[in-house]
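Here is what each chain is made of, one letter per residue.
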Amino acid sequence: MAALELDLFLCRTDNFGVLLHDPESGATASIDAPEERPILDTLERRGWRLTHILTTHHHGDHVAANVSLKERFGVTIIGPKGEASKIPGIDRSVGQGDHFDFAGHPVEVIETPGHTAGHICFHFPKDKLLFAADTLFALGCGRLFEGTAETMWQSLNRLMALPDDTSVYFGHEYTLSNAHFAVTIDPENAALKARAAEIEETRSDGGYTAPTTIGLEKRTNPFLRAGDQKIRKHLGLERASDAEVFAEIRKRKDNF
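Nothing here was measured: the structure is a model prediction, and the numbers come from that model.

Reading guide: rules and limits
Residues numbered from 1 in each chain as written. Predicted model: local features only at pLDDT ≥ 70, side-chain atom pairs only at ≥ 80, totals over all residues. Heavy atoms only, no water. UniProt positions renumbered as here; feature names shortened; annotations may be inferred. 1 Å grid on protein atoms, 1.4 Å probe; cavity = no way out; pocket = protein on both sides within 12 Å on 5 of 7 lines; lining within 4 Å. Helix = DSSP H or I, 4+ residues; strand = E, 2+ residues; numbered from the N terminus. Contact = heavy atoms within 4.5 Å. Buried < 20%, exposed > 50% of the residue type's maximum accessible area, 1.4 Å probe, protein only. Salt bridge = Lys/Arg side-chain N within 4 Å of Asp/Glu carboxyl O. Core = buried A, V, L, I, M, F, W, Y, C linked by side-chain atoms within 4.5 Å. Points joined across faces, edges and corners; volume = space filled by probe spheres on them. Nonpolar A, V, L, I, M, F, W, Y, C, P; charged D, E, K, R; others polar. Phe/Tyr/Trp six-rings, centres within 6.5 Å; stacked < 30°, edge-to-face > 60°. Axes fitted to C-alpha atoms, helices over the stretch in contact; angles between N-to-C directions. Parallel < 35°, antiparallel > 145°, perpendicular 65-115°, else oblique. Pairing = 2+ DSSP bridges.

Once that is clear, we can look at the UniProt feature "binding site: Zn(2+) 1" (unreviewed entry) in the protein. Following the UniProt record, one finds the feature "binding site: Zn(2+) 1" (unreviewed entry) at His57, His59, His115 and Asp134. Taken along the chain, the residues just named run across 78 residues; in space they keep tight, none of their C-alpha pairs more than 9.9 Å apart. Considering only the residues just annotated, the largest pocket is lined by His59, His115 and Asp134. For His59, the position within the fold is in the loop between β4 (52–54) and α2 (60–63). If we ignore the near neighbours within four places in the chain, the residues touching His59 are His115, Thr116, Phe145 and Glu146. Here Asp134 falls in the buried class, since its relative accessible area comes to 2%. Non-local contacts of Asp134, meaning those with residues more than four positions away in its chain, are made with His57, His62, His115, His119, Gly142, Gly171 and His172.

Okay, structure coming up:
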């Protein structure tokens, strides 16, 4: 089985677009569909034809181009069972534990409610890829628009259970702002400080901060480190539950 090819690009203002291509079959999937024009430009540049859209959640900046791309290419749209009625053009709904193949590559569906009530992530275990959209960002996580802190903490734990070398592609280029916030929560973390400096350089040079890895996020992302004793002491929450510590971190980021 040939390795999947991947192209990462920006859509709208700060959304990431991702195209995933199987060179043997020609199958090409768009992870979400934030904006038609950048997706079409990337398809033309690579000489690929779109066959699938893998939709993570219903927000407009992730489904805006679903219908237009379906009309143009006749794509199959796979999306979250819990939000099926809100996903334009959906053909197949999937939920926690469901599996399907993309051009022979196994895909596992992981439900990660919190940002929205039915948000899902797509995990390609053999390819060591996770498409986390607005659940997990580099040094951040999604706002809790339709879920509680407890729900999101459980969702993040599902992702933390994946192998550390899993590459994580996320929905938005928020990483520089996330880094500025992260060091206020975890100021003694040397790995975080080094990473923040790298991010500053990457963004100043116009580079993207995706992908990250599960292992790197577990070492440096404060939203995944609610059990860390130094963070707990810094926040004055030594006796709180992990979910309560996470909730405080999320609240502080909302007001940062």
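It is worth spelling out the pattern of salt bridges at this point. In the structure shown here, the tally under the stated rule is 18 salt bridges. Among the salt bridges present, the one from Arg45 reaches Asp7, with a minimum N-O distance of 3.1 Å. A residue pair is termed long-range when its members are at least 10 positions apart, and Arg45 in helix α1 (residues 36–46) and Asp7 in strand β1 (residues 5–11) qualify at 38 residues. Looking at Asp7, the relative accessible area reads 7%, which means it is buried. One salt bridge in this structure joins Asp165 and Lys128, with 2.8 Å as the shortest N-O distance. Here Asp165 is found in the loop between α4 (149–160) and β13 (167–170), whereas its partner Lys128 is found in the loop between β9 (120–124) and β10 (129–133), with 37 residues between them in sequence. Each of Glu5, Asp7, Arg45 and Arg46 takes part in salt bridges that share partners, so that together they form one network.

Counting residues in hydrophobic clusters, the biggest one holds 27 residues, and the most contacted among them are Leu130, Leu136, Leu156, Leu159, Phe246 and Ile249. Secondary structure elements with two or more residues in this core: β10, α4, α5 (175–185), α8 (229–235) and α9 (242–254). If you tally residues by element for this core, the top one is α4, at 6 residues. If we ignore the near neighbours within four places in the chain, the residues touching Phe246 are Cys141, Ala149, Met152, Trp153, Leu156, Phe223 and Ala226. Within the second largest apolar cluster, 25 residues are counted, among which are Val109, Phe137, Ala138 and Ala210.

Take empty space enclosed by the protein next. Taken as a whole, this structure holds 1 cavity of 30 Å³ or more when the rule is applied. The computed volume of the largest cavity comes to approximately 80 Å³. Along the walls of the largest cavity sit Phe16, Val18, Ile31, Asp32, Thr56, His62, Phe131, Ala132, Ala133, Tyr169, Phe170 and Gly171, which together make up its complete lining. Residue contributions to the lining of the largest cavity peak at 3 residues, all from β10. Of the residues assigned to the lining of the largest cavity, the class counts are 8 nonpolar, 3 polar and 1 charged.

Another aspect to go through is the packing of aromatic side chains. Within the structure shown, the criterion is met by 11 aromatic pairs. Summarising the aromatic geometry, the rings of Phe102 and Phe124 are spaced 6.5 Å apart at their centres and angled 75 degrees between planes, so their arrangement reads as edge-to-face. Of this pair, Phe102 sits in strand β7 (residues 99–102) while Phe124 sits in strand β9, and the two are 22 residues apart along the sequence. Consider the rings of Phe181 and Phe256, whose centres lie 5.2 Å apart with planes at 70 degrees: the pair is edge-to-face. Pair noted here: Phe181 is in helix α5 and Phe256 is in the segment after α9, with a separation of 75 residues, a long-range link. Its relative accessible area of 1% is what places Phe181 among the buried residues.

Across the interface, α4 lies against α9 with an axial gap of 9 Å and an inter-helix angle of 105 degrees. If you check the angle between α4 and α9, you find them roughly perpendicular. Packed against α4, whose contacting residues are Ala149, Glu150, Met152, Trp153 and Leu156, the element α9 presents Asp242, Ala243, Phe246 and Ala247 at the interface.

What follows deals with the sheet that holds strand β5 (residues 76–80). As summarised here, the arrangement of the 6 strands in space is β1-β2-β3-β4-β5-β6, forming an open sheet in which the pairing is mixed. Both outer strands of the open sheet, β1 and β6 (92–94), are each paired with one neighbouring strand and no more. The mean angle between the axes of side-by-side strands here comes to 20 degrees, regardless of whether they run parallel or antiparallel. Where β5 and β6 come together, 3 bridges link them in parallel fashion. Bridging from a neighbouring strand, Pro80 pairs with Val94 of β6. Strand contacts of α1: β1, β2 (15–21) and β3 (28–31), with the helix running at about 145 degrees to β1, the strand carrying the most contacts.

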